[in-house]
Amino acid sequence: MHLKHYLLCALAGFAAGSITGLFGAGGGMILVPLLCWLTDIEDDAIFPASVSIILPICLICLLLRAKTGKLPWQEAMPYLIGSSFGGILAGILGKRIPALWLHRVLGAMILWGGIRYLC
């Protein structure tokens, strides 16, 4: 990997980490388009690659928030349980959904979220 390309990928990771750390989510929305643009990863592997990058970011953010005492464990637990089952289901079904449709759904969610937060 050339130095320029490596630095672009590191910058994409920095952007994803910053967005996830600040807002608690959204790093994947940054990573998916950048992984498509900056890498030769096949379309059907982009979303799993994004998740594998986001996982350590989330763990680091979780540890830092827990260290400062700013983590509402009791309120978060029902979401953790539900999201675990959702992640399992998505991991199973995600392989069967064409990458083009995953990109379209992600794009629609980004647009919907942007409009929702602007209004």
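From a predicted model like this one, the values you see are computed outputs, not experimental measurements. (Residues numbered from 1 in each chain as written. Predicted model: local features only at pLDDT ≥ 70, side-chain atom pairs only at ≥ 80, totals over all residues. Heavy atoms only, no water.)

Colleague: Can you help me understand the overall build of the protein in this one?
Modeller: Along the backbone of the protein there are five helices and zero strands. Taken along its principal axes, the extent of the C-alpha atoms in the protein is 45 × 35 × 35 Å. Going through the 119 residues of the protein one by one, you find that 16% of them count as buried. By sequence separation, contacts in the protein at least 24 residues apart represent 48% of the contacts at least 6 residues apart. For the protein, the exposed area adds up to about 9200 Å²; of that, 74% sits on carbon and sulfur atoms. Distance between charge centres in the protein, computed from 8 positive and 5 negative side chains, equals 12 Å. (Helix = DSSP H or I, 4+ residues; strand = E, 2+ residues; numbered from the N terminus. Buried < 20%, exposed > 50% of the residue type's maximum accessible area, 1.4 Å probe, protein only. Contact = heavy atoms within 4.5 Å. Areas by Shrake-Rupley, 256 points an atom, 1.4 Å probe, with all protein chains shown as cover. Lys, Arg positive; Asp, Glu negative; His and termini not counted. Charge placed at Lys NZ, Arg CZ, Asp CG, Glu CD.)

Colleague: What is the right way to read the nonpolar core from this model?
Modeller: Across soluble globular proteins, nonpolar side chains show a tendency to be buried alongside one another. Ranked by size, the top nonpolar core spans 10 residues in total: Ala 16, Leu 31, Val 32, Leu 35, Ile 46, Phe 47, Ala 49, Ile 54, Ile 57 and Leu 106. Examining the composition of this core, we find that five residues originate from one element, helix H3 (residues 43-67), more than from any other. Those residues in contact with Leu 31 that sit more than four places away from it in its chain are Ala 12, Ala 16, Ser 50, Ile 53 and Ile 54. (Core = buried A, V, L, I, M, F, W, Y, C linked by side-chain atoms within 4.5 Å.)

Colleague: Whenever I open this one, a negative patch on the surface confuses me. Can you help?
Modeller: A contiguous patch of negative charge on the surface is contributed by Asp 40, Glu 42, Asp 43 and Asp 44. With respect to the helices and strands, the residue Asp 43 is situated in helix H3. With relative accessibility at 43%, the residue Asp 43 sits in the partly exposed group. (Patch = residues over 30% accessible without salt bridge, like charges linked within 9 Å, V, L, I, M, F, W, Y side chains within 5 Å. Salt bridge = Lys/Arg side-chain N within 4 Å of Asp/Glu carboxyl O.)

Colleague: Would you explain the packing of helix H1 (residues 3-23) against H3 in this entry?
Modeller: In a packed pair of helices, the relevant descriptors are the angle between the two axes and the axis-to-axis distance. Between H1 and H3, whose axes approach to 10 Å, the crossing angle comes to 40°. Between H1 and H3, the interaxial angle falls into the category oblique. With respect to the hand of their crossing, H1 and H3 are arranged in right-handed fashion. Of the residues in H3, those touching H1 at Gly 13, Ala 16, Gly 17, Thr 20 and Gly 21 are Ile 54, Ile 57, Cys 58, Cys 61 and Arg 65. (Axes fitted to C-alpha atoms, helices over the stretch in contact; angles between N-to-C directions. Parallel < 35°, antiparallel > 145°, perpendicular 65-115°, else oblique. Left-handed = near helix turned anticlockwise from the far one by under 90°.)

Colleague: Hey, could you run me through the side chain of Thr 39 in this one?
Modeller: Examined against the element boundaries, Thr 39 turns out to sit in the loop between helix H2 (27-38) and H3. A polar side-chain atom of Thr 39 sits 2.4 Å from the main-chain carbonyl oxygen of Leu 35. At 3.4 Å, the side chain of Thr 39 and the backbone nitrogen of Ile 41 are in polar contact. Not counting the four nearest positions on each side in its chain, Thr 39 is found in contact with His 5, Leu 34 and Ile 46. (Polar contact = N/O pair within 3.5 Å; in protein donor to acceptor, adjacent residues only side chain to side chain.)

Colleague: Explain the packing of H3 against helix H5 (residues 99-118) here, please?
Modeller: Running from N to C, H3 and H5 point in directions that differ by 50°, and their axes come no closer than 8 Å. Judged by the angle between their axes, H3 and H5 are oblique. Two packed elements cross with a definite hand, and for H3 against H5 that hand is left-handed. Facing Asp 43, Asp 44, Ile 46 and Phe 47 of H3, the residues of H5 in contact are Ala 99, Leu 102, His 103 and Leu 106. Residues belonging to the contact of H3 with H5 are distributed by class as follows: five nonpolar, one polar and two charged. (Nonpolar A, V, L, I, M, F, W, Y, C, P; charged D, E, K, R; others polar.)

Colleague: Please clarify how the environment of Cys 119 should be interpreted in this entry.
Modeller: Counting through the fold element by element, Cys 119 comes out in the segment after H5. Taking the C-alpha atoms as reference points, Cys 119 and Leu 8, separated by 111 residues in sequence, lie 33 Å from one another.

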